[in-house]
Amino acid sequence: MSRKRTLPIFLAVFKARLSEEASRNRRLLLIIDEAQNLDADALENVRLLQNLASPGKNNLQLVLSSQPGLESTIARPGCCNSVNESGSTIGWNP
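Residues numbered from 1 in each chain as written. Predicted model: local features only at pLDDT ≥ 70, side-chain atom pairs only at ≥ 80, totals over all residues. Heavy atoms only, no water.

### Remarks on the layout of surface pockets
In this approach the atoms are scanned with a rolling probe the size of a water molecule, which exposes any empty space left behind. If you add up the space inside the second largest pocket, you get close to 320 Å³. Taken together, 13 residues make up the lining of the second largest pocket; nearest its centre are Leu7, Phe10, Asn45, Val46 and Leu49. When contributions to the lining of the second largest pocket are tallied by element, the ones reaching two or more residues are helix H1 (3–23), strand E1 (28–32) and helix H2 (40–48). Here the residues of the lining of the second largest pocket are counted per class, giving 11 nonpolar, one polar and one charged. (1 Å grid on protein atoms, 1.4 Å probe; cavity = no way out; pocket = protein on both sides within 12 Å on 5 of 7 lines; lining within 4 Å. Points joined across faces, edges and corners; volume = space filled by probe spheres on them. Helix = DSSP H or I, 4+ residues; strand = E, 2+ residues; numbered from the N terminus. Nonpolar A, V, L, I, M, F, W, Y, C, P; charged D, E, K, R; others polar.)

Okay, structure coming up:
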């Protein structure tokens, strides 16, 4: 199946799951590992998943885990402005 056909199916299933969890007063945590490999468009699509959360419930939390590089992608002008505004970054240098 092409991406154009599978994305709407994924979004419908994801939204249904969010609604189900919201009806149980539970939150969903989505962890994306290796996020440094996502391009700006993919990061924007991840951010848009928050729009599927139940209004007023804030039942979806996103965590992007990455190697160095994600911050530079997000910091680019015009990229993921809402991620910059709504998120926080924690770094660890061994």
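What follows picks up the thread again.
### Some thoughts on the pattern of salt bridges
Evaluated as defined, the whole model comprises four salt bridges. Ionic pairing is found between glutamate 21 and arginine 17, a salt bridge with its closest N-O pair at 3.0 Å. Separated by four residues within a single helix, glutamate 21 and arginine 17 lie in helix H1, roughly one turn from each other. By relative accessible area, which is 3% here, glutamate 21 ends up buried. Residue arginine 17 is classed as partly exposed on the basis of its relative accessible area, which comes to 43%. The salt bridge involving arginine 47 is made with glutamate 44; its shortest N-O contact spans 2.5 Å. Taken together, the residues arginine 47 and glutamate 44, both in helix H2 and three residues apart, mark about one turn of the helix. On the basis of relative accessibility, which here comes to 26%, the residue glutamate 44 falls in the partly exposed class. Through salt bridges with shared partners, a single ionic network connects Arg17, Glu21 and Arg26. (Salt bridge = Lys/Arg side-chain N within 4 Å of Asp/Glu carboxyl O. Buried < 20%, exposed > 50% of the residue type's maximum accessible area, 1.4 Å probe, protein only.)

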